[in-house]
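Letter by letter, the chains look like this.
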Amino acid sequence: MKLLNKSLLNNTSKGIDNDFEEAPQLSRRKFLIGAAKSSLIMAFAPLAMSLTASASQIISDRAFSPSVWFEIKNTGEITVHVARCEMGQHVGTALAQIVAEELGANWDDIRVEHASSDPKWGFVMTGGSWSVFQMYKPLSQAGAAGRLTLIDAGAKILGVSAHSCDVKDSKVISGNKSITFSEIINKGKFDRTFTPEEMAKLSIKSPDKRHTIGFDRLALDVPPKTNGKAVYGIDVELKGMVYARPVIPPTRYGSKVLGVDDSKAKNIKGYLGYEILKDQSNWIEGWVSVIADTYQSAIKAADVLKISYQAGSSANINEQDIIDEGIKLVNQKESGVLFVNDGDVDKAFKVAASSMSATYITHTAMHFQMEPLNATAEFKDGIWHVHCGNQSHSLTQPAVAKALGVKVEEVMIHQYYLGGGFGRRAYGDYAIPAALTAKQIGKPVKFIFTRVDDSKFDQARSASVQKVSGALNKNNELIGYQHYVSAGWPTLAMAPGFMPKALDGKGNFDPFSTSGSDHWYSIANNRVRTINNQVAQKAFNPGWLRSVGPGWISFGAESFIDEVANEINIDPIDLRLSLLDGKGKNKGHHPQSVNGAKRLKTVLEHCRKTANWGGKLSKNEGIGIATSFGQEREMPTWIACAAHVKVDPRSGEVKVKKITMTLDCGTVVHPDSARAQIEGSILWGVSLALFEGTEIKNSNYAATNFHNYTPLRMNDMPEMEINFIDSKEFPVGLGEPGVIAVAPAIANAIFNASGVRLRELPMKAEHVREQKAKA
Amino acid sequence: MIEFNLNGKVVRSNAFDDTPLLWVIRDEFGLKGTKFGCGIAMCGACTVHIDNDAVRSCSLPLAMANGKEVKTIEGFENKHPLQKAWVKEQVPQCGYCQSGQIMQAATLLDKNTNPSDDEISAHMSANICRCMAYPRIKKAIKEAAKQSTLGVNIFDPSISKDA
Ligand code: FES
Ligand code: FES
């Protein structure tokens, strides 16, 4: 499930095929340090390249456009190039901190630049909470290589031995002598190459010597976001551009335009015409683009266009059809493919003294990122330039190229700030209609989706159904566990090359719709099957939504464990602790999951203490607990979450009073933005649990704008207490994991407050009332 | 022809009377700090001041701005105490909603120099922050209320950092 894992990328499944190339892996590249135009430049190049020329030659020619990682100008300014997008996580700041740490740079000298698309960066994707996890080592090493080079050059100028030197505040220091980086660059010569083996051997600072990592820095992207100066995709203007807005067809797939009547539109001043878009990749079908000289005119004209369609074949699917299909699937023994298979589950259930099972449902949930989708496209000097905020050049660039029918190198994606990503801007298919319109009318086009257009073209989190079963022996020990998960699969729709082979070899599966089921509880006989819901797949394009699979799968898993505890009458925290022994496969491994399940145990014990567990509460109140290990077993972020709720016994209304969360995510690079991510993701968790959710109606999303999709607002905000375990372990992800445990903690709290067990997301007052009536 | 005062300057627009003020501000006068979020006055991303009231510019026909004083985030010239507090509390995540949040918050402080938690929530719940930076928005408003001396010069790393 790791992004650069070769076996995953080689694996293409049928269906829509992505032709992104395998990333040149950083580990197989040489690191070059050379001078060019009064700058010291540090870059990566493929191994073969550096054999034919010296480092500084390659760099000053930029002949092979090596990917520049950072450069130090002779003025002392250090620019870190970040191949990750900025969508609210201040990732540029965190990644620059890693470089600054090893380099010994003064933080005031640091700038960040976000890279445009260039295949030399390798596979680029900002998502999965991967950025710091993936970049920590290579950036630390790159910084260390830079330090070594500067020390060698600085020592020569100072006339001292390199061994006597250290770096601090952008200076090389030896005893009471020192020289600034900028002086070194003005005087020194640089031409140096590090092989991957040499890079691996460079010593990296021990945690107690750090001066930048783990300290708060004002995030570099914050000031322009307080004065209107930050430039987002929607702010781009190109010379000679016109505006366009889509008319989105009745079905996501297979629609065809039969005729367009624009007689009314012709009365609108500024209306320039329409285009039926011809997508050579067939990603979008039956789209009409409405063109005008202002956006307002495009909005108005699109509203009065009369288009007749032949809708795609699956035009009448509703939410209940998807749920019904899911229920059918999770009740078929052999459906889907095998993901976890420990021990002998069938035998465990056969010999069990008792068993129990429960089915959990989550409904369609949408992105509603604040900046509606948009892209601005232009053909210039033989290149298709696409301007937009996006989470992955590597997914977007080939998609646009294919739609246009041109080579990948002929498309250039320019990056901007993202007005929210949350997974919607990972596969940047919104750039396709922009590029096609520009192509068909031969002019630069700014293509903006209204909020309603954006909603219609969302890639929603699919509705899901899961069934969890447990087998108990006569001592009430959990001896068997089985979990079937089913949903529409985003990765199948958008990046099938990322789907690994199943354990039983019977096909591939979507790891982003499965992860979270491979828990760290030690249960000897344990089976997970993961199943694609094809009814969902046909109706709409399932998407990656912040926290992806674990966001809904843990709702089932962590609700169920509480249900078991209640059944056998033991404290649900005690039950969890007894299963977190950190033995066998739950021992974890170096570096990212050292100590395994024991760390989950530690956060759970900490959370128990801080959350008033077992303390006295007012009437109709309850505390519920849940744990999470983040986005994937291979990159665990250890979390325990307690929700304190009040349930109105009459109306059924649920109020979340407080969320208490303890996390261990290894080394925290930028503590304040880590906290900000957790604050935001806890509130996302509450929002998805109680306030969000829609349904599929005739193969479309019922929600279209903020009047009928209603994320949490400030007046719904609970109190929050967030504690990070002080850790020096390898840093893991933080952008999403905080979401995961919140919904099951609230469900468990509702049960503790009212005796009502809710097994459906979002949890609504009427569900509480219904259950009460039944009881 | 509609004439109004935009951040202290008189401007004229020939756009249709019913064009939302938002698009006139952004596309005709090039002030991109005011954002488009929903178009139906539900999110607050497009909030500007008209005669010192917070107004959703996505839903205000241009004609209604005739003769009025319109202020956008750019009109604060980086001098509003809320902007300083926003940096201090590191409020923005994606940042897209933040111009609107600041414009909305400013009208609260204009009328109430020391708002309570509940007053802040009530006033600010008109604006959505999809990144849910709400705790920091709240904190920053309180911080700005403490420093309520208007017109303080603020440190802006974006100027020195070109960020
Ligand atoms: S864009 Fe005006 S309120 Fe949402
Ligand atoms: S900071 Fe992203 S919407 Fe508010």
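Residues numbered from 1 in each chain as written. Chains lettered and ligands numbered in written order. Predicted model: local features only at pLDDT ≥ 70, side-chain atom pairs only at ≥ 80, totals over all residues. Heavy atoms only, no water.

What follows covers the overall build of chain B. Across its full length, chain B holds six helices and five strands. Secondary structure of chain B in N-to-C order comes out as β-β-α-β-β-β-α-α-α-α-α. Taken over the C-alpha trace, chain B has a radius of gyration of 15 Å; the compact-globule value for 163 residues is 15 Å, and the two agree within 12%. For chain B, the spread of C-alpha atoms along the three principal axes comes to 45 × 35 × 30 Å. Buried positions account for 60% of the 163 residues belonging to chain B. A separation of at least 24 residues holds for 59% of the contacts in chain B among residues at least 6 apart in sequence. (Helix = DSSP H or I, 4+ residues; strand = E, 2+ residues; numbered from the N terminus. Rg over C-alpha atoms; globule rule 2.2 N^0.38 Å. Buried < 20%, exposed > 50% of the residue type's maximum accessible area, 1.4 Å probe, protein only. Contact = heavy atoms within 4.5 Å.)

As a further point, take the overall build of chain A. If you tally the helices and strands in chain A, you get 20 helices and 30 strands. Relative to the globule expectation of 28 Å for 775 residues, the C-alpha radius of gyration of chain A, 27 Å, shows essentially globular dimensions. Viewed in the frame of its principal axes, chain A has a C-alpha envelope of about 85 × 75 × 50 Å. Relative to its full complement of 775 residues, chain A shows a buried share of 64%. In chain A, once contacts between residues fewer than 6 apart in sequence are set aside, the share between residues at least 24 apart is 78%. Surface accessibility of chain A: about 27,500 Å² in total, with carbon and sulfur atoms responsible for 49%. (Areas by Shrake-Rupley, 256 points an atom, 1.4 Å probe, with all protein chains shown as cover.)

On the chain A side, the residues contacting the 55 residues of chain B number 70 residues. When chain B packs against chain A, close to 5,100 Å² is buried across both sides, 59% of that on carbon and sulfur atoms. Our count for the contact surface shared by chain B and chain A stands at seven salt bridges. For Arg136(B), the salt bridge identified is with Asp672(A), shortest N-O distance 3.0 Å. The interface formed by chain B and chain A contains 29 residue pairs in polar contact (both at pLDDT 80 or more). Looking at which element gives the most residues to the side of chain B that touches chain A, the answer is helix H5 (residues 134-146) of chain B, with five residues. Taken together, the residues that form the side of chain B that touches chain A break down as 28 nonpolar, 16 polar and 11 charged. (Buried area = accessible area lost by both parts, 1.4 Å probe. Salt bridge = Lys/Arg side-chain N within 4 Å of Asp/Glu carboxyl O. Polar contact = N/O pair within 3.5 Å; in protein donor to acceptor, adjacent residues only side chain to side chain. Nonpolar A, V, L, I, M, F, W, Y, C, P; charged D, E, K, R; others polar.)

Glancing now at the sheet that holds strand S6 (residues 166-168) of chain A. Residues and elements named next belong to chain A. Judged by pairing direction, the sheet is antiparallel, and its three strands sit side by side in the order S6-S7-S8 without closing on themselves. Only two strands of the sheet have a single neighbouring strand rather than two, namely S6 and strand S8 (177-180). In this sheet, adjacent strand axes meet at a mean angle of 30° when their direction is disregarded. The pairing of strand S7 (residues 171-174) with S8 spans four bridges and is classified as antiparallel. Among the inter-strand pairings, Ser-174 is bridged to a residue of S8, identified as Lys-177. (Pairing = 2+ DSSP bridges. Axes fitted to C-alpha atoms, helices over the stretch in contact; angles between N-to-C directions.)

A separate point is the nonpolar core. Note on soluble globular proteins: their nonpolar side chains tend to be buried together. Ranked by internal contacts, the top residues of the largest apolar core, which has 203 residues, are Phe31(A), Val645(A), Ile746(A), Met763(A), Tyr134(B) and Ile141(B). It is helix H4 (residues 131-158) of chain A that provides the largest number of residues to this core, a total of 12 residues. Dropping the residues within four chain positions of it, Ile746(A) is found in contact with Ala643(A), Val645(A), Val656(A), Val686(A), Ala689(A), Leu690(A) and Met763(A). Counting 42 residues, the second-largest nonpolar core is a separate cluster that includes Ile432(A), Ala435(A), Phe447(A) and Val548(A). (Core = buried A, V, L, I, M, F, W, Y, C linked by side-chain atoms within 4.5 Å.)

Let us now look at the pattern of salt bridges. Applying the stated criterion across every chain yields a total of 45 salt bridges over all chains. Between Lys225(A) and Asp221(A) there is a salt bridge, with its nearest N and O atoms 2.7 Å apart. Assigned by exposure class, Lys225(A) and Asp221(A) land together as buried. With a shortest N-O distance of 3.8 Å, Asp117(B) and Lys138(B) are connected by a salt bridge.

Attention shifts here to the domain arrangement of chain A. All names here are of chain A. Examined at the domain level, chain A breaks down into domain 1 (22-225), domain 2 (233-313 + 373-448) and domain 3 (320-364 + 460-774). On a C-alpha basis, the centroid separation for the pair domain 2 and domain 3 is 37 Å. The interface of domain 2 with domain 3 comprises 11 residues on the first partner and 13 residues on the second. For the pair domain 2 and domain 3, the summed buried surface comes to about 910 Å²; carbon and sulfur atoms form 61% of the total. Our count for the domain 2 to domain 3 interface comes out at zero salt bridges. (Domains from an automatic or database assignment.)

Residues and elements named next belong to chain B. The pairing of strand S3 (residues 47-50) with strand S4 (residues 53-56) spans four bridges and is classified as antiparallel. Residue pairing across strands places His-49 opposite Ala-54, the latter belonging to S4. If you look at the hairpin formed by S3 and S4, you'll find two residues sitting between the two strands, and Asp-51 has a positive phi there, around 45°.

In this section: the domain arrangement of chain B. Residues and elements named next belong to chain B. Annotation of chain B at the domain level lists domain 1 (2-74) and domain 2 (77-149). Taken residue by residue, the interface counts 17 residues in domain 1 and 14 residues in domain 2. Residue Lys-111 is joined to Asp-53 by a salt bridge in which the shortest nitrogen-to-oxygen separation is 3.5 Å. Inspection of the region where domain 1 meets domain 2 yields nine residue pairs in polar contact (both at pLDDT 80 or more). The set of elements that each furnish at least two residues to the side of domain 1 that touches domain 2 consists of S3 and S4. At three residues, the largest contribution of residues to the side of domain 1 that touches domain 2 is made by S4. Looking at the side of domain 1 that touches domain 2 residue by residue, the class counts come to six nonpolar, six polar and five charged.

Attention now goes to the packing of helix H2 (residues 81-88) of chain B against H5(B). Residues and elements named next belong to chain B. Between H2 and H5, whose axes approach to 8 Å, the crossing angle comes to 130°. Taken together, the axes of H2 and H5 lie oblique to each other. At the point where H2 passes H5, the crossing takes the right-handed sense. Of H5, the residues touching H2 (which contributes Pro-81, Leu-82, Ala-85, Trp-86 and Lys-88) are Ile-137, Ala-140, Ile-141, Glu-143 and Ala-144. Of the residues contributing to the contact of H2 with H5, the split by class is eight nonpolar, no polar and two charged. (Parallel < 35°, antiparallel > 145°, perpendicular 65-115°, else oblique. Left-handed = near helix turned anticlockwise from the far one by under 90°.)

Residue and element names in this part refer to chain A. Along the polypeptide, Trp-520 turns up in the loop between helix H13 (490-494) and strand S23 (525-532). Judged by its relative accessible area of 3%, Trp-520 falls in the buried class. Spatially, the C-alpha atom of Trp-520 lies 12 Å from that of Ile-639, the residues being 119 residues apart in sequence.

Mean pLDDT over chain A stands at 89; residues scoring 70 or higher make up 90%. pLDDT under 50 marks residues 1-27 of chain A. Its contacts with residues more than four places away, or in other chains, come to 69 contacts. (pLDDT = per-residue confidence, 0-100.)

All names here are of chain B. Relative to each other, helix H4 (residues 117-124) and H5 sit at 120°, their axes nearing to 11 Å. Taken together, the axis directions place H4 and H5 in an arrangement best described as oblique. Read as a crossing pair, H4 and H5 show a hand that is right-handed. Here Asp-117, Ile-120, Ser-121 and Met-124 of H4 come into contact with H5, specifically with Ile-137, Lys-138, Ile-141 and Lys-142. Of the residues assigned to the contact of H4 with H5, the class counts are four nonpolar, one polar and three charged.

Residue and element names in this part refer to chain A. Looking at the secondary structure, you find Leu-472 in strand S21 (residues 464-472). Residue Leu-472 is classed as buried on the basis of its relative accessible area of 2%. Considered as a pair, Leu-472 and Glu-113 are 359 residues apart in the sequence and their alpha carbons are 56 Å apart.

Residue and element names in this part refer to chain A. Overall, mixed pairing links the four strands, which are arranged S24-S25-S26-S29 in an open sheet. Whereas interior strands pair on both sides, the edge strands pair on one side only; in this sheet they are strand S24 (621-628) and strand S29 (719-724). Averaged over all pairs of adjacent strands, the angle between strand axes in this sheet comes to 15°, irrespective of strand direction. Of the strands in this sheet, S24, strand S25 (638-647) and strand S26 (654-664) are in contact with helix H19 (residues 742-754), which crosses S24 at around 150°.

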